[in-house]
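# Analysis of the macromolecular model
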Amino acid sequence: MKTIEIDTPFGTANAHLGSADDPRAALVLGHGAGGGVQAKDLAAVARVARSVGLNVALVEQPYRVAGRRSPAPAHQLDAAWTAVIEHLLAGELGGLALVAGGRSSGARVACRTAEATGAVGVLCLAFPLQPPRRSGSTPAQSRLQELDAVAVPVLVVQGTRDPFGMPPASEGRTVVQVAGDHSLRTDLDAVSQAARDWLLGIVTDGLGSAARRRERRDRAGSG
């Protein structure tokens, strides 16, 4: 993979780029809060995405590039991610439809910024629906609204034993349950197959539908 540095409002991000032989779209993936782009599920999905015709970028947030493990606040993550996407779509991924995604915290970022980045789909690995309840504490707030707010097709691949819970499927949102916990390491073949099937649908049928949705939205905004 080729690595490039990208300036963002909150420091330098790294994007690790891999190319498909005949790219039809691009997949940009972000990492989890305390992990990196070397996560096994991210690597597996990146491989399968290239095999079905998507150029891939694995993005390291500025806090990770700077050597910190504690994640930046959400607004900083979102702003840095959006800056990286804008850079890539103007250059290395220019002319390709964008599928955004990531694992855990990275999936949340991709959901929150899907409209701003113009994504035609969002791929979520181990979406952290609700932090596990600590003894004696009140339940943490669900993050389901971040998934519900996405107006384009969504894939969630979730371990059956994920302590963060199981997001529900809905119209436009496919949820695939695989063996394992939040790491998604137990059955990487199942993770890869779920991503492959969904990405094939996006690059064959979904891109035309996404273009029509954008046209309708643009007409409504100019009316």
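The structure contained in this document is the topic of the report that follows. Source: prediction; values computed, not measured. Residue indices follow the written sequence of each chain, beginning from 1 at its first position. Selection of residues for local features in this predicted model requires a pLDDT of at least 70, selection of side-chain atom pairs for listing and counting requires 80 or more, and totals for whole chains, interfaces and linings are taken over all residues. Side-chain numbers here rest on the full set of heavy atoms in the structure, without hydrogens or water.

The buried fraction of helix 4 (residues 105-112) amounts to 7 of the 8 residues, a majority that puts the element mostly inside the structure. In this scheme, a residue with accessible area under 20% of its type's maximum is buried, one over 50% is exposed, and one in between is partly exposed, where area comes from a 1.4 Å probe on protein chains only. Each helix is a run of DSSP H or I of at least 4 residues and each strand a run of E of at least 2, with the numbering of both proceeding from the N terminus. For helix 4, the set of buried residues is Ser105, Gly106, Ala107, Arg108, Val109, Ala110 and Cys111. Note on definitions: a residue-residue contact is assigned when non-hydrogen atoms from the two residues lie within 4.5 Å. In this fold, the buried residues of helix 4 make contact with strand 3 (25-30), helix 3 (74-90), strand 5 (97-103), helix 5 (114-117), strand 6 (121-125) and helix 6 (144-148).

Our next topic: the pattern of salt bridges. By definition here, a salt bridge exists when the distance from a side-chain nitrogen of Lys or Arg to a carboxyl oxygen of Asp or Glu is within 4 Å. Counted according to the given criterion, the structure contains 5 salt bridges. Residues Asp148 and Arg173 are paired through a salt bridge, measuring 3.0 Å at the closest nitrogen-oxygen approach. Of the two residues, Asp148 sits in helix 6 while Arg173 sits in strand 8 (residues 173-178), which places them 25 residues apart along the sequence. The class for Asp148 is partly exposed, based on a relative accessible area of 47%. Residue classification places Arg173 among the buried positions, given a relative accessible area of 6%. A single network of salt bridges, built from pairs that share partners, joins Asp78, Arg108, Arg112 and Glu146.

Before going further, it helps to examine helix 3. Expected span of a helix: the number of residues minus one, times 1.5 Å. Compared with the 24 Å implied by 1.5 Å per residue over 17 residues, the 24 Å span of helix 3 between its first and last C-alpha is a close match. Leu77, Asp78, Ala80, Trp81, Thr82, Ala83, Val84, Ile85 and Leu88 are the residues of helix 3 that are buried.

The subject of this paragraph is the pairing of strand 6. Counting buried residues in strand 6 gives 5 out of 5 residues, a clear majority hidden from the surface. Residues Gly121, Leu123 and Leu125 of strand 6 are buried on one face, and the alternating residues Val122 and Cys124, pointing to the opposite face, are buried as well. The criterion for strand pairing is that DSSP finds at least two bridges linking the strands in question. Relative to strand 6, strand 5 is paired through 5 bridges, and the arrangement is parallel. Among the inter-strand pairings, Arg103 is bridged to a residue of strand 6, identified as Leu125. Note that strand 6 and strand 7 (residues 154-159) share 4 bridges and pair parallel. Bridging across to strand 7, Val122 finds its partner in Val154.

Relative to the helices and strands, Gly18 resides in strand 2 (residues 11-18). For the pair formed by Gly18 and Pro62, sequence separation is 44 residues and the distance between their alpha carbons is 20 Å. Those residues in contact with Gly18, other than ones at most four positions away along the chain, are Met1, Arg50, Asn55 and Val56.

Tracing the sequence through the fold places Gly121 in strand 6. In this structure, the C-alpha to C-alpha distance between Gly121 and Ala25, residues 96 residues apart in sequence, is 11 Å. Not counting residues up to four positions away in its chain, the partners in contact with Gly121 are Leu98, Val99, Ala100, Val152, Pro153 and Trp198.

Ordered by their spatial adjacency, 8 strands build an open sheet running 1-2-4-3-5-6-7-8, and the pairing between neighbours is mixed. The outermost strands of the open sheet, each flanked by one partner alone, are strand 1 (2-8) and strand 8. Taken over all neighbouring pairs, the strand axes of this sheet differ in orientation by 20 degrees on average, direction set aside. Axis definition: a line fitted to C-alpha atoms, over the contacting stretch in the case of helices. Angles run 0 to 180 degrees between N-to-C directions. On the sheet, helix 1 (residues 40-51) packs against strand 2, strand 3, strand 4 (54-60), strand 5 and strand 6 and is oriented at approximately 155 degrees with respect to strand 4. Strands strand 3, strand 5 and strand 6 of the sheet are contacted by helix 4, whose axis makes an angle of about 145 degrees with strand 5.

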